[in-house]
Amino acid sequence: MPDDLLRPTVGAGVNMSARPWRLMSQTYVAFFGGVLASTVVAYLNAGRLGVDAAKRRLILLSGAVGLVVVVAVYLLLYADSGITSGLRVGIRVVAVLCCMAQIRLQRPMDRAFQLRGADYGSLWSVGIAATIGGAVTEALILVLVTVVL
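Residues numbered from 1 in each chain as written. Predicted model: local features only at pLDDT ≥ 70, side-chain atom pairs only at ≥ 80, totals over all residues. Heavy atoms only, no water.

Draft legend 1. Fine view of the overall build of the chain. A tally of regular secondary structure across the chain gives five helices and zero strands. Of the regular secondary structure in the chain, the N- to C-terminal order runs α-α-α-α-α. Split into buried and exposed, the 149 residues of the chain put 36% on the buried side. For the chain, the proportion of contacts with a sequence separation of at least 24, taken over those separated by at least 6, is 79%. Accessible surface, the chain: about 9000 Å² in total, of which carbon and sulfur atoms supply 67%. (Helix = DSSP H or I, 4+ residues; strand = E, 2+ residues; numbered from the N terminus. Buried < 20%, exposed > 50% of the residue type's maximum accessible area, 1.4 Å probe, protein only. Contact = heavy atoms within 4.5 Å. Areas by Shrake-Rupley, 256 points an atom, 1.4 Å probe, with all protein chains shown as cover.)

Draft legend 2. Geometry of the packing of aromatic side chains. All told, the structure shown has two aromatic pairs when counted by the stated rule. Pairing F31 with F32 gives two aromatic rings, centres 5.0 Å apart and planes at 85 degrees, and the pair type is edge-to-face. Residue classification places F32 among the exposed residues on the basis of a relative accessible area of 52%. Seen from their ring centres, F113 and Y120 are 5.0 Å apart, and the 55 degrees between their planes marks the pair as tilted. Using a relative accessible area of 2% as the deciding quantity, one classes F113 as buried. (Phe/Tyr/Trp six-rings, centres within 6.5 Å; stacked < 30°, edge-to-face > 60°.)

Draft legend 3. The arrangement of helix 3 (residues 53-77) in detail. Look at helix 3: 36 Å from first C-alpha to last across 25 residues, which is about the 36 Å you get at 1.5 Å a residue. Every buried residue of helix 3 is listed here: I59, S62, G63, G66, L67, V70, V71, V73 and Y74. Turning to helix 3, the residues buried within the fold contact helix 2 (35-49), helix 4 (85-116) and helix 5 (124-148). (Expected span 1.5 Å × (residues − 1).)

Draft legend 4. Fine view of the environment of L58. Of note, L58 is situated in helix 3. Owing to a relative accessible area of 41%, L58 belongs among the partly exposed residues under this scheme. Sequence separation between L58 and Y43 is 15 residues; the distance between their C-alpha atoms is 9.5 Å.

Draft legend 5. Region of interest: the confidence of the model for the chain. This prediction gives the chain a mean pLDDT of 89; 86% of its residues lie at or above 70. Ranking the helices and strands of the chain by mean pLDDT puts helix 2 first, with 97, and helix 4 last, with 92. (pLDDT = per-residue confidence, 0-100.)

Draft legend 6. Region of interest: a nonpolar patch on the surface. On the surface, a nonpolar cluster with roughly 570 Å² of combined accessible area is contributed by W124, I128, I132, V136 and L140. For I128, the location among the structural elements is in helix 5. (Patch = residues over 30% accessible without salt bridge, like charges linked within 9 Å, V, L, I, M, F, W, Y side chains within 5 Å. Salt bridge = Lys/Arg side-chain N within 4 Å of Asp/Glu carboxyl O.)

Draft legend 7. Main features of the environment of V96. Looking at the element boundaries, V96 is found in helix 4. Along the primary structure V96 and V29 are separated by 67 residues, whereas in three dimensions their C-alpha atoms are 9.0 Å apart. Each residue touching V96, except ones within four places of it in the same chain, is listed here: A30 and F31.

Draft legend 8. Region of interest: the packing of helix 2 against helix 3. The contact between helix 2 and helix 3 brings their axes to 9 Å, and the two run at 175 degrees. When the axes of helix 2 and helix 3 are compared, the pair comes out roughly antiparallel. Touching V35, L36, T39, A42, Y43, A46 and G47 of helix 2 are R56, I59, L60, G63, G66, L67 and V70, all from helix 3. In terms of residue class, the contact of helix 2 with helix 3 is built from nine nonpolar, four polar and one charged. (Axes fitted to C-alpha atoms, helices over the stretch in contact; angles between N-to-C directions. Parallel < 35°, antiparallel > 145°, perpendicular 65-115°, else oblique. Nonpolar A, V, L, I, M, F, W, Y, C, P; charged D, E, K, R; others polar.)

So, in C-alpha cells, the structure goes:
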C-alpha cells in the first residue's frame, strides 16, 4: 500500500520544463534596464516559479507604481543644465528598490524551487533583451513626459 506521507509535495503543481532565474540576477536587469525591464523579468520568473496570480498582479502593480515614481523623480530632478548624474542615480535607486519588492514576492516559491534540487535557468538572453527594451521604452516615456509638460 503506497504511503502519501512519504511522497514529496514541494514540486506539486509547478511546471518544471521552464526553469526560473536566480532572484538576485534580476537586480542587474533593474539597475541597467530600469523599472519596466525588472518588472517584465520578475513577472515572467514568477510564472516560472508558480507564484499565485494575486502576487503576480502585485508584481505588475509595484512596477506601475515604480514607473510613476521614476517619472516623479525625473520631473523633480530634471534641469536643462545638462547635468543628469543625480537624475540617473535617482532613477536607478527607484528601479532597484522596486526590484527588491518584486523579489520579496517571489522568494517563498524560490525557496521551494531550491528544495527541489533543480538548476536555475540562464537569464542572459532574456535579461539583455529586457534591459535594452526596458531602457529604451523608459527613456521614450521620459522624453514624452518632457515634451508634454
